[in-house]
Amino acid sequence: MVENYLPAPTYFILLLITITRLISTVGNKTEHLNNNSLLSSDLISRHNLLDDPESLESASRDFGNLVHHLPRAVFHPRSPQDIASLVKTSYESPVPFTISVRGQGHSTRGQAMARGGVVVDMRALREENNSNKKKNIRVIWREEGYYGDVGGEALWADVLREAAEMGVAPASWTDYLYLTVGGTLSNGGISGQSFKYGPQISIVHEMDVITGKGELVTCSSHTNSELFHAVLGGLGQFGIITRARIALHPAPKMVKWVRLLYNDFSAFTKDQERLISINGRKHNNNDNNDDNVALDYVEGMLLMHQGPINNWRSSFFPLADHPRIISLVTQHSILYCLELAKYYDEKSENNVDKEMQGLLEGLSYMPGFYYEKKVSYVEFLNRVRSGELKLQSQRQWDVPHPWLNLFIPKSQIMDFDSGVFKNIIFRRNITTGPVLIYPMNRSKWDKRMSASIPEEDIFYTVGFLHSSGFDNWKAFDAQNKEILKFCNDAGIKVKQYLPHYSTQEDWTKHFGPNKWRTFLERKLQFDPRMILSPGQRIFNKD
Ligand code: FAD
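All chains use their own residue numbering, which begins from 1 and follows the written sequence. Only residues with pLDDT of at least 70 are given local features in this predicted model, and only at 80 or more are side-chain atom pairs given and counted; all residues enter the totals for whole chains, interfaces and linings. Side-chain descriptors were evaluated using all non-hydrogen atoms of the structure, hydrogens and water having been removed beforehand.

J.: Please clarify how the overall build of the protein should be interpreted in this entry.
T.: A helix here means a DSSP run of H or I that spans at least four residues, while a strand means a run of E at least two residues long, and both kinds are numbered starting from the N terminus. Helix and strand counts for the protein come out as 18 helices and 17 strands. Using a 1.4 Å probe, the Shrake-Rupley method yields the accessible areas, and only the shown protein chains count as cover for residues. Split by element, the accessible area of the protein, about 23000 Å² in all, is 49% carbon and sulfur.

J.: What is the right way to read the pattern of salt bridges from this model?
T.: Two side chains of opposite charge can pair, provided their charged atoms sit close to one another. One side-chain nitrogen of Lys or Arg within 4 Å of one carboxyl oxygen of Asp or Glu is enough to make a salt bridge. With the rule as written, the count across this model stands at 33 salt bridges. The residue Asp477 makes a salt bridge to Lys481 at a minimum N-O spacing of 3.7 Å. A residue pair is termed a helical-turn pair when its members lie 3 or 4 positions apart in one helix, as Asp477 and Lys481 do in helix α17 (residues 473-490) at four residues. Buried residues are those whose accessible area, probed at 1.4 Å on protein chains only, stays under 20% of the maximum for their type, while exposed residues exceed 50% and partly exposed ones sit between those limits. The exposure class assigned to Lys481 is exposed, which follows from its relative accessible area of 55%. Members of the salt-bridge network, linked through shared partners, are Arg138, Asp149, Glu206, Asp208, Arg243 and Arg245.

J.: Would you mind going over the nonpolar core with me for this structure?
T.: The criterion is simple. A nonpolar core is a set of buried Ala, Val, Leu, Ile, Met, Phe, Trp, Tyr and Cys residues joined through side-chain atoms within 4.5 Å. Judged by nonpolar contacts, the single largest core of 85 residues is most densely connected at Met207 and Ile325. Among the elements that make up this core, the one with the highest residue count is helix α18 (residues 504-526) (six residues). Residues count as neighbours in contact if any of their non-hydrogen atoms are within 4.5 Å of one another. When residues no more than four places from it in sequence are discounted, the contact partners of Met207 are Val217, Thr218, Cys219, Phe228, Val231, Leu232, Ile241, Arg243 and Ala244. Leu295, Leu406, Val462 and Ile492 belong to the second-largest nonpolar core, a separate cluster that totals 41 residues.

J.: Help me understand the pairing of strand β14 (residues 404-409) in this model?
T.: Among the six residues in β14, six count as buried, and that is most of the element. Burial of the side chains of β14 extends over both faces: Leu404, Leu406 and Ile408 are buried on one face and Asn405, Phe407 and Pro409 on the other. Here, a strand pair is defined by DSSP locating no fewer than two bridges between the strands. Sheet analysis places β14 next to strand β16 (residues 458-464), joined by six bridges and oriented antiparallel. Across the sheet, Phe407 pairs through a bridge with Thr461, a residue of β16.

J.: Looking at this structure, how should I read the side chain of Lys495?
T.: Secondary-structure assignment places Lys495 in strand β17 (residues 495-496). As a buried residue without a salt bridge, Lys495 has its nearest oppositely charged side chain in Glu455, at a separation of 6.0 Å. Any pair of nitrogen or oxygen atoms within 3.5 Å is treated as a polar contact; in protein, a donor-acceptor pairing is required on top of that, and neighbouring residues in sequence qualify only through side-chain atoms on both sides. Only 2.7 Å separates the side chain of Lys495 from the backbone oxygen of His510, close enough to count as a polar contact. Each residue touching Lys495, except ones within four places of it in the same chain, is listed here: Asn405, Leu406, Phe407, Ser452, Ile453, Pro454, Tyr501, Lys509, His510 and Phe511. Positive residues here are Lys and Arg, negative ones are Asp and Glu, while His and the chain termini are left out of the count.

J.: Just checking my understanding: could you explain the pairing of strand β9 (residues 239-250) for this structure?
T.: Remark: a regular strand shows side chains that alternate across the two faces of the sheet. Counting buried positions over the twelve residues of β9 gives ten, a clear majority of the element. As paired strands, strand β6 (residues 168-169) and β9 are joined by two bridges and run antiparallel to one another. Its bridge partner being in β9, Ala169 is matched across the sheet by His249. With seven bridges joining them, strand β7 (residues 204-211) and β9 adopt antiparallel strand pairing. For Val204, the partnering residue across the bridge sits in β9 and is Ile246.

J.: Just checking my understanding: could you explain the confidence of the model for the protein for this structure?
T.: A low pLDDT score tells you not to read the predicted coordinates there in detail. This prediction gives the protein a mean pLDDT of 90; 90% of its residues lie at or above 70. Below a pLDDT of 50 lies the segment residues 1-8, which in the model reaches eleven contacts outside its immediate sequence neighbourhood of four places, other chains included. Taken as a whole, residues 24-36 scores under 50 in pLDDT and shows 21 contacts with residues more than four places along the chain or in a different chain. Here pLDDT means the predictor's own confidence in every residue, given as a number from 0 to 100.

J.: Looking at this structure, how should I read the environment of Arg61?
T.: Note on placement: Arg61 falls in the loop between α3 (53-58) and β1 (73-75). Arg61 gets classed as partly exposed once you look at its relative accessible area, which sits at 35%. In sequence terms Arg61 and His106 are 45 residues apart; their C-alpha atoms lie 9.4 Å from each other. The contact partners of Arg61, leaving out residues within four places of it in the chain, are His68, Arg102 and Met113.

J.: What should I look at first to understand the sheet that holds strand β2 (residues 99-102) in this one?
T.: Sheet strands pair by backbone hydrogen bonding; their relative direction is either parallel or antiparallel. Taking strand neighbours across the sheet as the criterion, the three strands line up as β1-β3-β2 in an open arrangement whose pairing is parallel. Each edge of the open sheet carries a strand with a single partner, namely β1 and β2. Within the sheet, the average angular offset between the axes of one strand and its neighbour, ignoring direction, is 25°. Summarising the sheet, β2 and strand β3 (residues 118-121) pair through four bridges and their orientation is parallel. Of the residues in β3, the one forming a bridge with Arg102 is Asp121. Orientation is described by lines fitted to C-alpha atoms, with helices fitted over the stretch in contact, and by angles between N-to-C directions that extend from 0 to 180 degrees.

J.: Whenever I open this one, the packing of helix α16 (residues 413-428) against α17 confuses me. Can you help?
T.: Pairs of packed helices are described in terms of their axes, by the angle between the two and the distance that separates them. At a minimum axis distance of 11 Å, the contact between α16 and α17 shows a crossing angle of 150°. When the axes of α16 and α17 are compared, the pair comes out roughly antiparallel. Judged by the twist between their axes, the crossing of α16 over α17 is right-handed. Judged by residue contacts, Asp415, Phe416, Gly419, Val420, Ile424, Ile425, Arg427 and Arg428 of α16 engage Ala475, Ala478, Gln479, Glu482, Ile483, Phe486 and Cys487 from α17. Any angle that is under 35 degrees is reported as roughly parallel, and any over 145 degrees as roughly antiparallel; angles of 65 to 115 degrees are reported as roughly perpendicular and all others as oblique. Two helices cross in a left-handed way if the nearer one is turned anticlockwise from the farther one by less than a right angle. They cross in a right-handed way if the turn is clockwise.

In structure tokens:
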């Protein structure tokens, strides 16, 4: 840590001056590098970098399809040591070049790009491991329990497959599994399990990380803990994750999956909040096992007349019921769908229906609008894949995705509903993609980690997961900007998840003064030449 021997304000001002100078130096140098191609042909050949048009073009795209920045070169590493050596070369260069790791490139605003720098394509590491039959996912048993040692380049879908073969699985997931371990741990990794098990960053025991100095460091909450906490949720700013040790638990076999419809937002959120509070608490005095009575997954979404009731995230409602749901949506303009899941196996199979019934007692959903399915655990976790494959076959997957993901304090969610869902969205009346909304418990997040969340004990995540045409994405972008402006004007303390900001002021606000200060200190400590993840546009002008 930078030693703090000056009075806090003086120290902070000096730190800010240093950082501002560094940013402008790197910014200028990055431009210099862009213009003059300081990444020399010698360096390109020494590190076997690719600079053919096809490689550069594919590294200049991401899932968002809104931002395109050409790197100077692309790197296909064969080992973590290859990556460390590249970072070291940059760190020791008179003028460093920027380096971005590309997991799956499923960011939406160029976060994994490096204009004029080098993009490290982690897919190459996966392919290298596959061709050598070398496992980048190893399930290990120790006295304390199971854990998985997984490569930063591994896909969560592969982690699930390997772990489930051994009868175990991580407890916390994302909705979609074709994302890399390094990519989601750089953000948070959230889904309907987060209220109970925390985000994915909270299930990591240990990591191997390459810092911005090119050093390969093993870190955990006990060893090199500053780096460990910095990297988790750290937007790729402090190090490149090459291995993560993830907690694993016995995997359930089956899932009872339920959807309930509401026309009243207040009742919907009250029920969501009640359900996430049954978490590590007994449901009634006769229960001995807290875990058995709680749900394992709580999410929610909007159904609006601008969008279809089934979407790529999952098709759930039986066809025969579509007409009555659509007529209800027309009548109310907006419905709220609560989505729940409870895991079970052979031992708990006989009780699952009764337990679910107990959990749903007293909820205020619309009578007759209860839907359920029983599916395997793997099918449930991989529920988004079939929608993706369908869209891919229709060439609708690689379209622009002007997404907006927000965290909203519980105390302001009603204002958000009236100002955003019932005003901005209605008024603009553009076709929406899925809009997700579900609450999480702040207590499940470790405040030492870099991820920035609202101050309240319960906060909501709202995800506007739009797909658009190449000619109309700006209408969605304008809607997103209006939502952010509304929140700002109304004093709703939103934070972006998967953030993208263009000014230092916005980043400072995003983290809040204390966290921002820690973020700056950690940047100076672990990536002092501002080499890593320029596409986040925090310390680099990109
Ligand atoms: P990339 O987009 O490649 O990289 C993201 C950032 O992380 C970049 O800054 C990159 O440089 C950095 N990075 C990548 N790998 C590493 C590494 N090994 N070490 C250090 N830094 C690294 N998120 C959720 O939380 N929950 C969801 O349910 C969810 N669903 C999604 C569904 C879809 C269809 C999509 C497209 C995205 C979804 N996301 C979700 C968002 C997703 O978690 C982020 O976009 C994540 O960054 C994507 O991972 P990636 O492997 O593609 O990372």
